[in-house]
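Residue strings, one per chain:
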Amino acid sequence: MLRTIDWTIMIVYFVFVLGIGAVLKRYVKTSTDFFLAGRSIPAWVAGLAFLSANLGAQEVIGMGASGAKYGIATSHFYWIGAIPAMVFVGVFMMPFYYGSRARSVPEYLRLRFDEKTRGLNAVSFAIMTLFSSGISMYAMAKLIQILHIFDAPFAWLGLPQAWIFHFSLVLSALVVLGYILLGGLTSAIYNEVVQFFLIVAGFLPLVYLGLKNVGGWTGLQATLNPAYTHSWLGMGSAHTNRLGVEWFGLTMGLGFVLSFGYWCTDFLVIQRAMAANSMNAARCTPLIAAFPKMLFPLLVILPGLIAIALPAQNLANLAGTHAAATVPGEGLVPVKIDASGQAIRNQDGAVQLDYDLATPNMLLHYFPTGILGLGLTALLASFMSGMAGNVTAFNSVWTYDIYQSYINKTASDAHYLWMGRMATIFGIALSIAAAYMATRFNNIMDMLQLVFAFVNAPLFATFLLGMFWKRTTGHGAFTGLLSGTVAAALHQGLTLPQGGIPGVKGGWLALMHVYPSEMAQNFWTAIYAWTTCFLITIIVSLLTRPHEEKELVGLVYSLTERPTQHGLRWYQRPAVLAIVVLAATALLNIIFR
Amino acid sequence: MGLDIRLPIGFLFSIFGLLLIAYGALSDPAIYQRSLGININLEWGIVMLVFGAIMLALGRRGTKL
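Residues numbered from 1 in each chain as written. Chains lettered and ligands numbered in written order. Predicted model: local features only at pLDDT ≥ 70, side-chain atom pairs only at ≥ 80, totals over all residues.

Draft legend 1. Expanded view of the overall build of chain B. Secondary structure assignment for chain B yields two helices and zero strands. Over its C-alpha trace chain B gives a radius of gyration of 15 Å, far above what one expects of a compact globule, namely 11 Å for 65 residues. In terms of principal-axis extent, the alpha carbons of chain B reach across some 50 × 15 × 15 Å. Long-range contacts, defined as pairs at least 24 residues apart, comprise 76% of the intrachain contacts of chain B with a sequence gap of at least 6. (Helix = DSSP H or I, 4+ residues; strand = E, 2+ residues; numbered from the N terminus. Rg over C-alpha atoms; globule rule 2.2 N^0.38 Å. Contact = placed C-beta atoms within 7 Å.)

Draft legend 2. A look at the interface of chain A and chain B. Taken together, the contact pairs 31 residues of chain A with 23 residues of chain B. Sorting the residues of the side of chain A that touches chain B by element identifies helix 1 (4-24), helix 9 (163-214), helix 15 (358-366) and helix 16 (371-407) of chain A as the ones contributing at least two each. In terms of residue count, helix 9 of chain A provides more of the side of chain A that touches chain B than any other element does, ten residues in total. Each residue belonging to the side of chain A that touches chain B can be placed in one class, and the counts come to 22 nonpolar, eight polar and one charged. (Nonpolar A, V, L, I, M, F, W, Y, C, P; charged D, E, K, R; others polar.)

Draft legend 3. Spatial organisation of the packing of helix 13 (residues 267-274) of chain A against helix 16 of chain A. Residue and element names in this part refer to chain A. Relative to each other, helix 13 and helix 16 sit at 80°, their axes nearing to 9 Å. Judged by the angle between their axes, helix 13 and helix 16 are roughly perpendicular. Contacts between helix 13 and helix 16 pair F267, L268 and Q271 from the former with G389, N390, T392, A393, S396 and V397 from the latter. Class assignment for the residues of the contact of helix 13 with helix 16 results in four nonpolar, five polar and no charged. (Axes fitted to C-alpha atoms, helices over the stretch in contact; angles between N-to-C directions. Parallel < 35°, antiparallel > 145°, perpendicular 65-115°, else oblique.)

Draft legend 4. Structural detail: helix 5 (residues 76-99) of chain A. All names here are of chain A. Taking 1.5 Å as the rise per residue, helix 5 with 24 residues should run 34 Å; its terminal C-alpha atoms sit 32 Å apart, in good agreement. By the largest-angle criterion, M93 marks the main kink of helix 5, which is about 60°, and a proline, P95, follows within four residues. Burial of helix 5 is extensive: 21 of the 24 residues sit out of reach of the surface. (Expected span 1.5 Å × (residues − 1). Bend = angle between axes of the 7 residues up to and from the residue. Buried ≥ 20, exposed ≤ 12 C-beta atoms within 10 Å, placed from the backbone.)

Shown next, in the form of C-alpha cells:
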C-alpha cells in the first residue's frame with residue numbers, strides 16, 4: 001500500500017527534524033536558551049508554535065471523529081471554546097506572565113502566592129503532562145498499527161508484525177528525545193512551526209478533494225441530517241441536539257471554564273508565549289495563533305463530516321476493517337470490532353461506529369501514493385510535536401519548580417542546563433512507561449481525561465483572582481484549588497451520563513442526577529469545580545493576612561503599569577488583533593449556525 | 001535565534017514539492033482515480049515548491065538585514 005515515495009517523504013521529514021536540532025545545538029549555551037529559547041522568538045513563530053503545541057494528532061483525529069459523530073457543532077470547541085480564551089490570555093494575562101519574568105506557570109504562582117501553591121500546581125502539572133505524552137505515544141503507535149504503515153518493511157525484513165507497536169513507540173520517543181536534547185525549546189518550537197505547515201499541506205488537499213466529491217458545503221447540507229450542518233440548531237435544550245448539552249452548559253462549561261482553564265494556565269502553551277522576544281510579541285502570540293485556529297475547523301472537522309456523508313464504502317482494503325467487512329459502517333466510518341472480529345454492540349443492540357478512523361480512512365480513500373506519504377507524515381508529525389510540547393514543559397517544571405525549588409537551590413546555571421537534559425531523558429522514559437500502562441488498562445485514557453478535568457477546571461478561577469484581585473492570598477489560592485478539585489470529583493461521583501454504567505463514567509459515590517450526555521456531565525463538572533474554587537478562594541483570602549502590596553507589583557492588574565503600545569503598527573497591537581479575530585469568529589458562528 | 005526558521009521550512013517544502021512533482025510526472029495516471037482524476041501529486045507538488053521557494057526567499061532576505 002505504501003510505496004518508496006511515501007517512505008522517502010517520511011524519512012526526509014525525520015532527517016529534517018533531527019537536523020534542525022543538530023543545527024540549533026550550538027546556540028544553546030544557558031538554561032534560558034534551553035528552557036525558554038533565550039526569550040528570542042519572533043511573534044509569528046511563537047504564535048504558530050503556541051497553536052501547534054496544542055495541536056496533537058489526538059486533536060486532529062479527535063476532531064475528525066467528533067465531526068463524524070456530531071457534525072459542525074464540533075466547531076464550538078474552537079469558536080466558543082478556544083478563541084475567546086486565547087484572546088483573553090493574550091490581551092489580559094500575558095503582561096503578568098511575561099512581565100513577572102517567571103520562567104514557568106508554577107513560578108508565577110510562587111511569585112504571586114506562595115511556595116505551597118506553586119508546589120501543588122508543579123507536581124500535578126508534571127504528572128499530567130507526562131501522562132499526556134505517554135497517551136500521545138500510545139495513540140500514535142496504535143494508529144501506525146491499524147493503518148498498516150510499517151507492515152510491508154517488517155515483512156520484507158522478516159520481523160514479526162507484533163513488534164510494530166513497540167518499534168513505533170520507541171522510534172518516535174527517540175526522535176523527540178534527539179531533537180529536544182540537542183536544541184531544547186527552540187528545537188521544539190521550530191519543529192512545531194514545521195508541523196503546522198505540514199498539517200495544512202496534508203489536509204487542505206484532502207478537504208478540497210472531499211468537498212469536490214460530495215458537492216461542496218451545499219452538497220453536505222443536502223446529504224446529511226440538518227443537525228450535522230448547523231452548529232446552533234437545537235441548542236436551547238439538551239434534548240434537541242446531538243451534543244446533549246444546552247447553550248448555557250456549553251458556553252459556561254466549555255466556553256469559559258474548560259477552555260480558559262486550558263489556554264490561560266497550561267504551561268505547555270504559555271511556555272511558547274514566554275519564549276517571545278518582547279512583551280508585545282508575547283501578548284500577540286496567542287492572538288496570532290487565534291487566526292489559523294479559527295479556520296482549523298474547516299481543515300480537521302470537515303473530513304469527519306465528509307467521511308460520514310459518503311455512501312457506505314467497501315472498506316475491506318482500508319484501515320482496521322478486515323474482519324468487519326461484513327457489517328457495513330457509515331460512509332468511511334467502520335464499526336467497532338472486538339478482538340475476535342465481532343462487531344461491538346451497545347445495550348440496545350446497535351453497532352457502535354469507530355469514529356476515530358474517520359480521518360485516517362479519508363486519507364487512505366482520497367490520496368494516491370505520493371501525497372499519501374505527505375498526509376501520513378503530517379499525522380505522525382502532529383503526534384510527535386504533541387509529545388515534544390509535553391516534554392519541554394515537563395523538563396522546565398521539573399528543573400525550575402521541583403528540582404531548583406526543593407532539592408538543589410544554589411547550583412550553577414550549567415548544572416541546571418544539565419539537569420534539564422537529564423529531565424528530558426527520564427521524562428521520555430516515564431512517558432513510555434505511561435504508554436505501556438495504557439496498553440494494559442484500557443480505561444486509563446478515560447480516567448486520565450477525568451483527572452485532567454478535575455485538576456484543570458478550578459485552575460482558571462485561581463489565576464483570575466490572582467491576577468485581578470490583589471486581596472487574594474496564598475492560603476486562599478491553595479485551599480481554593482484543592483476544594484475545586486474535590487468538588488469536581490464529588491460531582492462526577494454523584495452523576496452519570498445517560499446510558500452510563502457507574503464506574504469510570506461517574507456515579508461511583510451515589511447517583512443523584514443523570515445528564516443527557518457525557519459532554520453535559522463534563523461541562524457541568526467543570527462549572528461546579530470552578531465556582532467552588534472561586535468562592536472558597538475569596539472566602540479564605542478574606543480570612544487570611546493579605547500580601548504586602550509592594551510584593552505584588554507587576555503581578556496584579558491594579559498594581560501594574562499598562563503595557564504601552566507606542567510605535568506599533570496596527571497589526572502589532574493586541575487590542576486590534578483581538579477585535580478582528582473575535583469579530584471574524586462571531587461571523588463564522590453566524591455562517592454555520 | 002541564529003537560524004531563521006523560514007530557511008528549514010523553505011528547504012523542506014521545496015524538497016517535498018520536487019519529490020511530488022517528479023512522482024506526479026512519472027506515475028501511472030490510473031492511480032489518480034481515487035483523487036477524482038486530478039493528478040494531485042503534480043499539482044500540490046507545484047504549490048508546495050512555490051511555498052518553499054517563497055519561504056527561502058523571505059528567510060534569506062531576513063538574514064541579510
